[in-house]
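# Topology and contacts: notes
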Amino acid sequence: GQTVTVTVTAIETGGVEVKFGDDTAPVTSFIRKSDLSRDRNEQRTERFSVGDRVDAMITAVDKATRRISVSIKALEMK
C-alpha cells in the first residue's frame, strides 16, 4: 500500500517496465496495461515515454520470486 515514484525504463505492448528506489539498488517492476489507469481510455502505453516519472502504489510483494507489483490504477482508486 506504499506510494512510490517510479521511472519508466521500457514500453512494451502489455504494459510498461519501471524502476524505483535508490541508484545503488534499484527495484525493477512491470505495470500491466490494465493497471495503468482506472479509466479504460487511459490504459494506453503510448501515454508514457522512457524516463517519465509517475506515482504508483505497491500492490504485492512476492518474496519467493523477488518481484514487487505496482499499480497506477490502485493509487487512483485509493
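This is a predicted model, so every value here is computed, not measured.

### Looking at the pairing of strand β1 (residues 3-12)
The side chains of a regular strand alternate between the sheet's two faces. As judged from the 5 bridges shared by β1 and strand β4 (residues 53-62), these two strands associate in the antiparallel manner. Bridging across to β4, Thr 5 finds its partner in Asp 55. Remark: 2 residues form the turn of the hairpin made by β1 and strand β2 (residues 15-20), two consecutive strands paired antiparallel.

### Re the pairing of β2
In this sheet, β2 lies alongside β1 in antiparallel orientation, the contact comprising 5 bridges. By the bridge assignment for β2, Ala 10 is matched with Glu 17. In the sheet, β2 pairs with strand β3 (residues 27-32) via 6 bridges, with the strands oriented antiparallel. Bridge pairing links Phe 20 to Val 27 in β3.

### Looking at the environment of Arg 47
Within the fold, Arg 47 resides in the loop between β3 and β4. Each C-alpha atom of the pair Arg 47 and Thr 59 lies 22 Å from the other, and the pair is 12 residues apart in sequence. Residues in contact with Arg 47, not counting those within four places in the same chain, are Leu 36, Ser 37, Glu 42 and Asp 52.

### Description of the pattern of salt bridges
Counted by the stated rule, this structure contains 3 salt bridges. Here Glu 42 makes a salt bridge to Arg 47, at a shortest N to O gap of 3.4 Å. Classification of Glu 42 by relative accessible area gives partly exposed; the value is 31%. Arg 47 sits in the partly exposed class, given a relative accessible area of 32%. With a shortest N-O distance of 3.6 Å, Glu 46 and Arg 44 are connected by a salt bridge.

Rules used in this analysis
Residues numbered from 1 in each chain as written. Predicted model: local features only at pLDDT ≥ 70, side-chain atom pairs only at ≥ 80, totals over all residues. Heavy atoms only, no water. Pairing = 2+ DSSP bridges. Helix = DSSP H or I, 4+ residues; strand = E, 2+ residues; numbered from the N terminus. Contact = heavy atoms within 4.5 Å. Salt bridge = Lys/Arg side-chain N within 4 Å of Asp/Glu carboxyl O. Buried < 20%, exposed > 50% of the residue type's maximum accessible area, 1.4 Å probe, protein only.

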